[in-house]
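Observations on the three-dimensional arrangement
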Amino acid sequence: MVSGLPMTHSLPQVESRHRRSVGPINTPDRLLLGPGPSNAHPTVLSALARTPIGHLDPLYVDLMGEVQELLRYAWQTDNRLTLPMSGTGSAAMEATLANTVEPGDRVLVAVKGYFGNRLADMAGRYRADVRVIEKPWGEAFTLDELAAALEHHKPAILAMVHAETSTGVCQPMDGVGDLCRQHDCLLLLDTVTSLGGVPLYLDEWKVDMAYSCSQKGLSCPPGLGPFTMGTRAEAKLAARKDKVPNWYLDVSLLNQYWGSDRVYHHTAPVNMNFGMREALRLLAEEGLENAWARHRRNAEALWNGLQSLGLEMHVPEELRLPTLSTVKIPDDVDGKAFSSHLLNTHGIEVGGGLGVLAGKIWRIGLMGYNSTPENVDRLLNLFESELPRFREGSCVAA
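As a starting point, this report considers the structure included with it. (Residues numbered from 1 in each chain as written. Predicted model: local features only at pLDDT ≥ 70, side-chain atom pairs only at ≥ 80, totals over all residues. Heavy atoms only, no water.)

**Here's the deal with the layout of surface pockets**
Which parts of space are left empty comes out when a probe the size of a water molecule is rolled across the atoms. In this structure, the largest pocket occupies an estimated 290 Å³ of space. The wall of the largest pocket is formed by 20 residues, among which F115, R118, V192, Q215 and K216 lie closest to the centre. Breaking the lining of the largest pocket down by element, the ones donating at least two residues are α3 (89-100), α4 (114-125) and β6 (163-164). If one sorts the elements of the lining of the largest pocket by residue count, α3 sits on top with three residues. Split by residue class, the lining of the largest pocket holds nine nonpolar, six polar and five charged. (1 Å grid on protein atoms, 1.4 Å probe; cavity = no way out; pocket = protein on both sides within 12 Å on 5 of 7 lines; lining within 4 Å. Points joined across faces, edges and corners; volume = space filled by probe spheres on them. Helix = DSSP H or I, 4+ residues; strand = E, 2+ residues; numbered from the N terminus. Nonpolar A, V, L, I, M, F, W, Y, C, P; charged D, E, K, R; others polar.)

Here's what the structure looks like:
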């Protein structure tokens, strides 16, 4: 018999065809200068390695409150319902829609890149009446365009991306929240590639819902999705005619765990929240103004350096993201071969284009811990010395 199992039933023989003998994990050191993730801060990695404690332990409950308060600082909001979703940024994205969209609700999505399309897809899955307005990938919406769209479509929710990771565009937000209030419409904002690195003022901008991720400007590994909801969105949630159709992301249930009651909902990723707490603490120690200025300063050095090498940026300077820069791949360069060379030879990751920009741009991230002058100089030196070898007619070394 197998030890510990009753003898009343014979067990089938264990099948071993999938059994493998593998050594301990061994991963290379990479400098992640793509669209995300970015390298995690060493202090954050140390926090992740700490011994877990229970997700209802009083010490952990205190830590939960610290994470929530520091998230409010990072987003510049007083929203009561501010918490990290147990999942990546896409989980937080879905949570904003799952909690506020009821079948037939009209959701207007302002699409100017890949992740605007994802918002539209998600809203449709919750049976929203999805309407879409579009701009070319590399441009932003004007206030007049948004005003006309709100007047025409009369949505319950306007969903848009602040920092479009697929294009490197930062959407100007002045006046957008006021427009939504005039049209009795909730404003939902994707801040995945802006939180921690780009000026964000959720309350000042009258943003009703926002979400982000842990692995970009916050320099924490992927696994948590910061989420926040203001009072107007709370009221829409409270007025639902039926239950939120996603149990795991139901904020009315999560609020009982992250609110004052601390009632069990699911087993929280304790160590990920250790890391998030340290990432947010480091951001608060640096100060938002200093972090934003650092990202801008390093991004401008990158832009100037790339342009001095004869490369062209994809986005006009006034709309560029300091955290994610997009540079056009020259017509005579195999962009994928060059980025593969940077990764395999130099251990540096840069991203390629998505959707209509596939094969046309590189996406270079300078986010959080990775936004340093040293990383800018290292990458520019490689572009200068290595890129000529990848032009048509050049002999590329293996």
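After that view of the structure, there is still more to cover.
**Brief notes about the packing of helix α10 (residues 288-308) against helix α12 (residues 373-386)**
One way to put it is that α10 packs onto α12 with a least axis distance of 9 Å and a crossing angle of 15°. Viewed along their axes, α10 and α12 adopt a mutual orientation that is roughly parallel. Relative to α12, α10 is oriented so that their crossing is right-handed. Contact residues: N298, A301, L302, G305 and L306 in α10; P373, V376, L379, L380 and F383 in α12. Within the contact of α10 with α12, the residues separate by chemical class into eight nonpolar, two polar and no charged. (Axes fitted to C-alpha atoms, helices over the stretch in contact; angles between N-to-C directions. Parallel < 35°, antiparallel > 145°, perpendicular 65-115°, else oblique. Left-handed = near helix turned anticlockwise from the far one by under 90°. Contact = heavy atoms within 4.5 Å.)

**Notes on the packing of aromatic side chains**
Tallied over the full model, the rule gives nine aromatic pairs. Both rings, one in Y201 and one in W292, keep their centres 5.5 Å apart while their planes meet at 70°; by these two values the pair is edge-to-face. Pair noted here: Y201 is in the loop between β8 (186-190) and β9 (209-211) and W292 is in helix α10, with a separation of 91 residues, a long-range link. You can call Y201 partly exposed: its relative accessible area is 33%. Cluster of aromatic residues (ring-pair linked, three or more members): F338, W362, F383 and F390. It is R320 that lies over the ring of W303; its NZ or CZ is 5.0 Å from the centre. (Phe/Tyr/Trp six-rings, centres within 6.5 Å; stacked < 30°, edge-to-face > 60°. Buried < 20%, exposed > 50% of the residue type's maximum accessible area, 1.4 Å probe, protein only. Lys NZ or Arg CZ within 6 Å of the ring centre and 35° of its normal.)

**Quick word on the environment of R72**
By the element assignment, R72 lies in helix α2 (residues 58-75). Considering only alpha carbons, one finds R72 and L83, 11 residues apart in sequence, at a separation of 8.9 Å. Contacts of R72, omitting those with residues within four sequence positions, involve T77, D78, N79, R80 and T82. At 2.9 Å, the side chain of R72 and the side chain of E69 are in polar contact. (Polar contact = N/O pair within 3.5 Å; in protein donor to acceptor, adjacent residues only side chain to side chain.)

**Here's the deal with empty space enclosed by the protein**
Under the counting rule described, the total for this entry stands at one cavity of 30 Å³ or more. Looking at the largest cavity, its volume works out to about 40 Å³. As for the largest cavity, its lining consists of G168, W303, M313, H314, V315, R320, L321, L324, S325 and T326. Residues that form the lining of the largest cavity fall into these classes: five nonpolar, four polar and one charged.

**Digging into the side chain of T82**
With respect to the helices, strands and loops of the structure, T82 is situated in strand β2 (residues 81-86). Among the polar contacts listed, one links the side chain of T82 to the backbone oxygen of N79, at a separation of 2.8 Å. At 2.7 Å, the side chain of T82 and the side chain of T228 are in polar contact. Ignoring any residue separated from it by four or fewer positions in sequence, one finds T82 in contact with Q68, L71, R72, W75, T77, F227 and T228.

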